Amino acid sequence: MFMSKYQQYADADILQVLDRLSIPHESDSRTSHRLDCPLCGAKGKAVVWNNTLFLNCCQGNKRHSAIDLVMLRFSVDFQTAIGILSGRFAGLKPVAPTNSTEPAQTADKPPFDAEYWSNALRKAQTALRPTAEAGQYLLSRGLQPETWSAFGLGAGTRQGQPALFIPWYNQAGELVAGRYRLLKAPDKQSRYYWWKNSDVQGNLWGWHSHQGRDAVILVEGEINALSLYQVCGDWLDVLSTGSENYHLTKSNIRQIGRYTHVFGWADKPATIKGWAGKISSLIPISSNLVGGDANDLLMSNWLADMLTALAG
């Protein structure tokens, strides 16, 4: 029966399969990776999200599994693909399904080069001025230089495209990751690219700015977090998940649990519901109900009033 005999291979961790087969791929957000299309070869047009392969260039929203990936990439039939995934062919070890009770054995990931990125970040921070393209972008979003400085933002390029440098620090203040925010991305999914070997597992953005207050607000993107910090950073700690698709870890929940008051602000009701399901004390704020996200309200001069009402 297919479900019992082959489902473990259909459910195999696609990123692990890419690594095992030495297929190049690149993280472009906290939860998705890009690679060349295994069917038509279009550069960077295939996306892995939620352990599902999408071929945006030639097959739209059709979903593909790890088995499909191998069949398309190597032009092999179903049974040969199973052989590759099971380790019978190509000298590969069997891959573990994502729903396995045992952690998947992935290839060792090189460490994040904090020294290299710290040096790159210092140059980028020097380049971030109000007259720079990145500075003009931030000012157009209502964000002031004092706010940029508080979070160590920088300006530079990624593959010739102007970009913001957004560093991520852990609770000890150590640089553990970072990403580019392209200023002229063709679509939402192409805006963000993680720095090489970024270690974001279990990290939330904004810990380094905290002052041990008794209230915190959790949001999705860094721009929204910057907006909130600019208006209420003197009385409210701010954290960002970096993405609406990020799932809070047990460590995140413990860290947030020390606050007396916890607010959660997101665009999608499902995101807020997910947070509230893990943090029982969370007070939800829906973008739909308040007229936009934090940056929308900042630019319309409503954010301060809304937060004042929230504080009671």
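Rules of the game
Residues numbered from 1 in each chain as written. Predicted model: local features only at pLDDT ≥ 70, side-chain atom pairs only at ≥ 80, totals over all residues. Heavy atoms only, no water. Helix = DSSP H or I, 4+ residues; strand = E, 2+ residues; numbered from the N terminus. Contact = heavy atoms within 4.5 Å. Pairing = 2+ DSSP bridges. Axes fitted to C-alpha atoms, helices over the stretch in contact; angles between N-to-C directions. Salt bridge = Lys/Arg side-chain N within 4 Å of Asp/Glu carboxyl O. Buried < 20%, exposed > 50% of the residue type's maximum accessible area, 1.4 Å probe, protein only. Core = buried A, V, L, I, M, F, W, Y, C linked by side-chain atoms within 4.5 Å. Expected span 1.5 Å × (residues − 1). Arc of directions from axis to C-beta. Parallel < 35°, antiparallel > 145°, perpendicular 65-115°, else oblique. Nonpolar A, V, L, I, M, F, W, Y, C, P; charged D, E, K, R; others polar. Phe/Tyr/Trp six-rings, centres within 6.5 Å; stacked < 30°, edge-to-face > 60°.

Before going further, it helps to spend a moment on the overall build of the protein chain. Within the protein chain one finds 14 helices and 13 strands. Intrachain contacts of the protein chain at a sequence separation of at least 6 include 52% that bridge at least 24 residues.

In this section: the sheet that holds strand β6 (residues 154-158). Reading across from one edge, β6-β7-β8-β9 is the order of the four strands in this open sheet, with antiparallel pairing throughout. Edge positions in the open sheet fall to β6 and β9 (192-194), since each of these has one partner strand only. Adjacent strand axes in the sheet meet at a mean angle of 35 degrees when their direction is disregarded. Judged from the five bridges that link them, β6 and strand β7 (residues 161-169) form a sheet pairing that is antiparallel. Across the sheet, T157 pairs through a bridge with P162, a residue of β7. The strands touched by helix α7 (residues 133-140) within the sheet are β6, β7 and β8 (175-182), with β7 carrying the most contacts at an inclination of about 70 degrees.

Now for the side chain of S286. Residue position: S286 is located in strand β13 (residues 282-286). Every residue in contact with S286, bar those within four places of it in the chain, is listed here: W265, A266, D267 and I272.

According to the stated counting rule, one finds four salt bridges in the structure shown. Between E26 and R158 there is a salt bridge; the shortest N-O distance is 2.7 Å. One end of the pair, E26, is in strand β1 (residues 26-27); the other, R158, is in strand β6, with 132 residues separating them in the sequence. Note on E26: relative accessible area 35%, which makes it partly exposed.

Within soluble globular proteins, side chains that are nonpolar tend to cluster in buried spots. Core analysis: the biggest nonpolar cluster contains 38 residues, and L138, L153, W205, I217, L228, W265 and L303 have the highest contact counts within it. Considering each element in turn, this core owes the most residues, five residues, to helix α9 (residues 222-232). Judged by nonpolar contacts, the second largest core, of 24 residues, contains A12, I23, I82 and L85.

As a further point, take helix α6 (residues 114-127). For α6, which comprises 14 residues, the first-to-last C-alpha distance of 20 Å matches the rise-based estimate of 20 Å (1.5 Å per residue) to within 8%. Taken together, the buried positions of α6 are occupied by W117, A120, L121 and A124. End-on view of α6: buried residues confined to an arc of 105 degrees, all on one side of the axis. Pointing more than 90 degrees away from the buried face of α6 are the exposed residues E115, K123 and T126. Where α6 is buried, its residues contact β6, β7 and β8.

Further remarks concern the packing of α9 against helix α14 (residues 303-311). Relative to each other, α9 and α14 sit at 70 degrees, their axes nearing to 10 Å. Between α9 and α14, the angle is such that the two are roughly perpendicular. Across the interface between the two elements, S227, L228, V231 and C232 of α9 pack against L303, A304 and L307 of α14. Residue classes in the contact of α9 with α14 are distributed as six nonpolar, one polar and no charged.

With respect to the helices and strands, G264 occurs in strand β12 (residues 261-266). For G264, a relative accessible area of 0% translates into the label buried. Between the C-alpha atom of G264 and that of S240, which follows or precedes it by 24 residues, the distance is 9.9 Å.

The next subject is the packing of aromatic side chains. By the definition in use, this model includes nine aromatic pairs. Relative to Y180, the ring of F165 has its centre 5.2 Å away and its plane inclined at 85 degrees; by these criteria the two rings are edge-to-face. Linking F165 in strand β7 with Y180 in strand β8, this pair joins segments that are 15 residues apart in sequence. Across the pair, Y180 and F165 agree in class, each one buried.

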